[in-house]
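# Chains, contacts and geometry: an overview
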Amino acid sequence: EGLEGREVLALSTHGANVLAGTDDGVFVWTPAAGAWQRLPTVVGRAEAHPRVNDMAVISDREWLLATSRGLLRTADGGQTWRRTVASPAGPASAVAVSPRDARLVLAATALGFHRSLDGGETWSPAGGRLDGADPHRLVFLPTGSATPDFWGGDRAGHNLFANSLLALDARTGERRWHFQFVHHD
């Protein structure tokens, strides 16, 4: 109950609660309520009614939304929302938090990938444009360094895809994007 007529585009959990990103904002289901309730997404002083394409839970109170109106962040469990500092302009289609470090977040927009090292507070470009690729149809592959991995001086070449994040087209296997975190370590 509560999601009738809504297009659910993303699901996430935090504790026993379930979050649903829809074509009209975020809904939450809690065991106590036993029903879906829409969370207001007021940005500034206006209700944004964003289309939530994807969402990421950083902690119980901190969430990020990739929306039709850009990246939105809450630090209080959805009570208040704001645009992130230096966030990419325009719609955001995907957002992901590193399972190893919740401060490392990637977001996909029409302008390319953007990276945050502080849990989505601030953003910087993390590579080139997506060139029309749908980030939901990409396979992301992290890589490590080639062996021997303590010193790269004995390894020939550029090691272009070592210590990188690769995005491959899930249908064709074609490389669509990559970002190398450490160059020839």
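One structure accompanies this document, and this report is about it.

Reading the values: the criteria
Residues numbered from 1 in each chain as written. Predicted model: local features only at pLDDT ≥ 70, side-chain atom pairs only at ≥ 80, totals over all residues. Heavy atoms only, no water. Helix = DSSP H or I, 4+ residues; strand = E, 2+ residues; numbered from the N terminus. Polar contact = N/O pair within 3.5 Å; in protein donor to acceptor, adjacent residues only side chain to side chain. Contact = heavy atoms within 4.5 Å. Pairing = 2+ DSSP bridges. Salt bridge = Lys/Arg side-chain N within 4 Å of Asp/Glu carboxyl O. Buried < 20%, exposed > 50% of the residue type's maximum accessible area, 1.4 Å probe, protein only. Core = buried A, V, L, I, M, F, W, Y, C linked by side-chain atoms within 4.5 Å. Axes fitted to C-alpha atoms, helices over the stretch in contact; angles between N-to-C directions. Phe/Tyr/Trp six-rings, centres within 6.5 Å; stacked < 30°, edge-to-face > 60°.

## Topic: the side chain of Ser116
- Topologically, Ser116 is positioned in strand β13 (residues 112-116).
- Of the polar contacts made by the side chain of Ser116, one reaches the backbone nitrogen of Gly120; its length is 2.8 Å.
- Beyond its immediate stretch of four places on either side in the chain, Ser116 contacts Arg103, Leu104, Val105, Glu121, Thr122 and Trp123.

## Re the pairing of strand β17 (residues 175-180)
- Two strands pair when backbone bridges link them, and strand β16 (residues 164-169) and β17 are joined in this way by five bridges, in the antiparallel orientation. Each bridged residue has a counterpart across the sheet, and for Ala167 the counterpart in β17 is Trp177.

## Comments concerning the pattern of salt bridges
- Per the stated rule, a full pass over the model turns up nine salt bridges.
- For Arg82, the salt bridge goes to Glu121, with nearest N and O atoms at 2.6 Å. Of this pair, Arg82 sits in strand β10 (residues 82-83) while Glu121 sits in the loop between β13 and β14 (124-125), and the two are 39 residues apart along the sequence.
- Accessibility expressed as a relative area gives 32% for Arg82, which makes it partly exposed.
- By relative accessible area, which is 27% here, Glu121 ends up partly exposed.
- Through salt bridges that share partners, Arg6, Asp24, Arg38 and Glu47 make up one connected network.

## Focus on the nonpolar core
- By size, the foremost hydrophobic cluster in this structure holds 13 residues, and its most contacted members are Leu19, Val26, Met55, Leu65 and Trp81.
- Breaking this core down by element, the ones donating at least two residues are β3 (25-29), β7 (52-57) and β8 (63-67).
- Excluding its chain neighbours within four sequence positions, the residues that come into contact with Leu65 are Val26, Val52, Asp54, Met55, Gly70, Leu71, Leu72 and Trp81.

## What about the sheet that holds β16?
- The sheet built from three strands is open, its strands ordered β15-β16-β17 with antiparallel pairing. One side of each edge strand has no neighbouring strand; the edge strands of this open sheet are β15 (138-142) and β17. Strand-to-strand, the axes of this sheet are offset by a mean angle of 15 degrees, without reference to chain direction.
- Bridge count for β15 against β16 is five bridges, and the pairing is antiparallel. Each residue of the ladder has a partner; that of Val139, found in β16, is Leu168.

## Comments concerning the packing of aromatic side chains
- Summed over the entire model, instances satisfying the criterion amount to one aromatic pair.
- Their ring planes at 50 degrees and their centres at 6.3 Å tell us that Trp63 and Trp81 sit as a pair that is tilted. Of this pair, Trp63 sits in strand β8 while Trp81 sits in the loop between β9 (70-74) and β10; the two residues are 18 residues apart in sequence, bridging distant segments of the chain. Across the pair, Trp81 and Trp63 agree in class, each one buried.

## Quick notes on the pairing of β13
- Where burial is concerned, most of β13 is hidden: five out of the five residues are buried.
- In this sheet, β13 lies alongside strand β12 (residues 105-109) in antiparallel orientation, the contact comprising five bridges. Bridging from a neighbouring strand, Leu106 pairs with Arg115 of β13.
- Taken together, β12 and the strand that follows it, β13, pair antiparallel across an intervening segment of two residues.
- Where β13 and β14 come together, two bridges link them in antiparallel fashion. Each bridged residue has a counterpart across the sheet, and for His114 the counterpart in β14 is Pro125.

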